[in-house]
Amino acid sequence: MAFKVPVKSILKQPGPRPDEAEAKSARDQKNYTLALQHARKIQAQKDWQIRIVNAIQVLLDYPTTSHQTGDEVDASKFIVLIQPFQPSDLDALIEERVVDGKCGWPLCSNEPRSVSLGKDAEWKVGKFKMGFCSNACAKKMAFVKTQLSEIPVWERDPGISISITLPDVVGVVAPVTKDDSSVPNGNYDVANAIHELALERGEKATSFRPNQVMLDQIVEKAGVVHKPLSGVHGADVSSTAIEGYEPRVKTKVGFVDEDEEGSEDGD
Amino acid sequence: MSEGTSQEQSRLWRILRTTKQMCYDRGYELTEEECNISLADFKLQYVDESGAPQRTRMAFTARPTPEMLKKYTPLPRPGNPEPSADIGIIHVEFASEPSIGIKHLKAFAQLLHEKNYHTGMYVTQAAPTSSALKIIPSILPTVMEIFREEDLLVNISRHELVPKHTLLSPEDKKRLLERYRLKETQLPRIRMDDPMARYLGLKRGQVVKIIRKSETAGRYASYRWVV
């Protein structure tokens, strides 16, 4: 009875096994890179936001020259500066310029109607337009605003750059008064009017394809032969037919037959 | 004097009084008389001949008291055995323009930078534009706080339903966490934009002690972590 059993601890051995330690360090490394990646993303986003605020600050001092409509240099710089903007950033720019006492359109140095009209501006011309000196400037800004991308710049595809055109270049905001279009002149002609109406509906000359217009003679694809509703005797519809169906007349013979069957069953 | 100007005077008197009380409650060096200035004294000092109060004259600066410096000194760490207090002179300005944009805040930030103020407080008549607020984090470590005039008409900390809030020093915070064996994340929280947190100028990571009256216990203290 004097031999000793070697004592073996039932507790967990202290310290992780080498493979566990390895797995842990790998996991830590993975988490670290993931965290770093996200941190970089957020930092990039912050950098862009600062850049946008800086651009707004630069545009606050526009136009740099005293001309009423800024010169070419200002215009081209303006296009470059608003590349990263979202439409909401343009709203912020208008707000800032109004606070500064300038028309919301950066190439115009007049004072906005919120200043010139005073407190009545909002109900006289509306909330958006009161930040501009005139409706023309408001239209120009709206024209540029529609060209901006809704996607924030840090989520955009870097390969694709949006091209912004200024309304002065295209000539979109040509001063068209309502009187011009409504008063018919001497050589007013119906075909022209119809053409104009078609343009108004959004139909272009090229969209009109005569091949697909319905012709006046109708061609059925499969010939349908008209059949008169067949009566019992192949003649016209009889007066006894119900919705084209002639009920069978119960003859005496029929009754006899049934009776015979019944008697057979009874047997 | 017309009704409007006297109304404007008492309005600004209340705003200035609340602002000074706020700075006093945070621990800046201000006298009792300054914090509870009477309307007559206010009129003497800040109202011009026409009866209009001058907002530019109302600007003031205050130094932190030694107790406040102690409260804001972080705990010594091996890398930093003698940490300096994270607080300094506060400069308060009242904006006379009705609307505040980037340019105004930039100018104020520039002033804080030039005069080397630690904290700037800007009291505005209307909310600044959204893009103007974006420059506040860009001037860190200088702290800029924006208050609306209408938020300062009444001192909210004196309201009977607002319990007493006191900021804990880093040392007190450490003791509290040890006493209750907590991590700071296990404390209840208070948001940084909470009106009382804004009143005390709290920063993320600090802990406030809130002492309430209790029917059963007389007084009840709770602690909140600023997030």
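The text that follows walks through the structure, step by step, so that each part is easy to find. Note that the structure is a prediction, hence the values are computed from the model and not measured.

A short note on the overall build of chain A
Next, step 1: Scanning chain A from terminus to terminus reveals 10 helices and zero strands.
Next, step 2: Along chain A, from the amino end to the carboxyl end, the secondary structure elements read α-α-α-α-α-α-α-α-α-α.
Next, step 3: Per-residue burial for chain A yields a buried fraction of 21% across its 267 residues.
Next, step 4: Long-range contacts, defined here as pairs at least 24 residues apart, represent 58% of the contacts in chain A between residues at least 6 apart.
Next, step 5: In the form shown here, chain A has an accessible surface area of approximately 21400 Å², with 57% of it arising from carbon and sulfur atoms.

Comments concerning the overall build of chain B
Next, step 1: Secondary structure summary: chain B contains eight helices and eight strands in total.
Next, step 2: Of the contacts formed within chain B by residues at least 6 apart in sequence, a portion of 69% connects residues at least 24 apart.
Next, step 3: Put simply, chain B shows about 13100 Å² of open surface, and 51% of that area lies on carbon and sulfur atoms.

Points about the interface of chain A and chain B
Next, step 1: The interface of chain A with chain B comprises 11 residues on the first partner and 13 residues on the second.
Next, step 2: Surface buried jointly by chain A and chain B totals about 960 Å² across both partners, of which 61% is contributed by carbon and sulfur atoms.
Next, step 3: When residues of chain A are sorted by the area they lose upon contact with chain B, V53, E96 and V99 of chain A head the list and together hold 47% of the total.
Next, step 4: Summed over the shared surface of chain A and chain B, the number is two salt bridges.
Next, step 5: Salt-bridge contacts for D100 of chain A lead to K103 of chain B; the nearest nitrogen and oxygen are separated by 3.0 Å.
Next, step 6: Our count for the contact surface shared by chain A and chain B stands at five residue pairs in polar contact (both at pLDDT 80 or more).
Next, step 7: When residues of the side of chain A that touches chain B are traced back to their parent elements, those giving at least two are α1 (18–60) and α3 (87–99) of chain A.
Next, step 8: Its residues placed into classes, the side of chain A that touches chain B shows five nonpolar, one polar and five charged.

Let's talk about the pattern of salt bridges
Next, step 1: Enumeration over the complete set of coordinates arrives at 18 salt bridges over all chains.
Next, step 2: Where K20 of chain B meets E34 of chain B, a salt bridge forms, and the shortest distance between an N and an O atom there is 3.7 Å. Here K20 of chain B, found in helix α1 (residues 3–26), pairs with E34 of chain B, found in helix α2 (residues 32–35); they are 14 residues apart in sequence, far enough to count as distant.
Next, step 3: We classify E34 of chain B as partly exposed; its relative accessible area is 33%.
Next, step 4: Residue E149 of chain B is joined to R55 of chain B by a salt bridge in which the shortest nitrogen-to-oxygen separation is 2.8 Å. In this pair, E149 of chain B sits in the loop between β4 (143–148) and β5 (164–167) while R55 of chain B sits in the loop between α3 (39–46) and β1 (60–62), placing the two residues 94 residues apart along the sequence. For the pair formed by E149 of chain B and R55 of chain B, the shared burial category is buried.
Next, step 5: One network of salt bridges, with partners in common, ties together D61, D100 and K102 of chain A together with K103 of chain B.

So, the sheet that holds β4 of chain B
All names here are of chain B.
Next, step 1: In space, the four strands of this open sheet follow the order β1-β2-β3-β4, with mixed pairing throughout. Of all the strands in the sheet, the pair left with one neighbour each is β1 and β4. Across this sheet, the average inter-strand angle for adjacent strands is 20°, counted without regard to direction.
Next, step 2: Bridge count for strand β3 (residues 119–124) against β4 is six bridges, and the pairing is parallel.

Side note on the environment of D91 of chain A
All names here are of chain A.
Next, step 1: Looking at the secondary structure, you find D91 in helix α3.
Next, step 2: Sequence spacing of D91 and M141 is 50 residues, and the spatial spacing of their C-alpha atoms is 9.6 Å.
Next, step 3: Only 3.0 Å separates the side chain of D91 from the side chain of K145, close enough to count as a polar contact.

Some thoughts on the pairing of β5 of chain B
Residue and element names in this part refer to chain B.
Next, step 1: Because side chains alternate across β5, one face comprises the buried residues H165 and L167, and the other comprises K164 and T166, none of which is buried.
Next, step 2: Two strands pair when backbone bridges link them, and β5 and strand β7 (residues 207–214) are joined in this way by four bridges, in the antiparallel orientation. For H165, the partnering residue across the bridge sits in β7 and is I210.

A short note on the packing of aromatic side chains
Next, step 1: Counted according to the given criterion, the structure contains four aromatic pairs over all chains.
Next, step 2: Between F128 of chain A and F132 of chain A, the ring centres sit 5.3 Å apart and the planes meet at 55°, which makes this aromatic pair tilted.
Next, step 3: For F132 of chain A, a relative accessible area of 0% puts it in the buried group.
Next, step 4: Taking 5.2 Å as the distance between ring centres and 45° as the angle between the ring planes, the aromatic pair formed by F42 of chain B and Y46 of chain B counts as tilted. Of the two residues, F42 of chain B and Y46 of chain B are both situated in helix α3; the distance of four residues between them amounts to about one turn of the helix. In this pair, the class of F42 of chain B matches that of Y46 of chain B, namely buried.
Next, step 5: The aromatic ring of W48 of chain A is capped on one face by R51 of chain A, whose charged end is 4.1 Å from the ring centroid.

Considering unusual backbone geometry
Next, step 1: Across the junction of Y62 of chain A and P63 of chain A, the peptide omega takes the value -10°, indicating a cis bond.
Next, step 2: Summarising the element assignment, P63 of chain A is placed in the loop between α1 and α2 (72–81).
Next, step 3: In this chain, L140 of chain B is followed by P141 of chain B through a cis amide linkage whose omega measures 10°.
Next, step 4: Located in the positive-phi region is N116 of chain B, a residue other than glycine, with phi close to 60°.

Definitions and cut-offs
- Residues numbered from 1 in each chain as written.
- Chains lettered and ligands numbered in written order.
- Predicted model: local features only at pLDDT ≥ 70, side-chain atom pairs only at ≥ 80, totals over all residues.
- Heavy atoms only, no water.
- Helix = DSSP H or I, 4+ residues; strand = E, 2+ residues; numbered from the N terminus.
- Buried < 20%, exposed > 50% of the residue type's maximum accessible area, 1.4 Å probe, protein only.
- Contact = heavy atoms within 4.5 Å.
- Areas by Shrake-Rupley, 256 points an atom, 1.4 Å probe, with all protein chains shown as cover.
- Buried area = accessible area lost by both parts, 1.4 Å probe.
- Salt bridge = Lys/Arg side-chain N within 4 Å of Asp/Glu carboxyl O.
- Polar contact = N/O pair within 3.5 Å; in protein donor to acceptor, adjacent residues only side chain to side chain.
- Nonpolar A, V, L, I, M, F, W, Y, C, P; charged D, E, K, R; others polar.
- Pairing = 2+ DSSP bridges.
- Axes fitted to C-alpha atoms, helices over the stretch in contact; angles between N-to-C directions.
- Phe/Tyr/Trp six-rings, centres within 6.5 Å; stacked < 30°, edge-to-face > 60°.
- Lys NZ or Arg CZ within 6 Å of the ring centre and 35° of its normal.

By themselves, these observations are geometric and do not establish any function.
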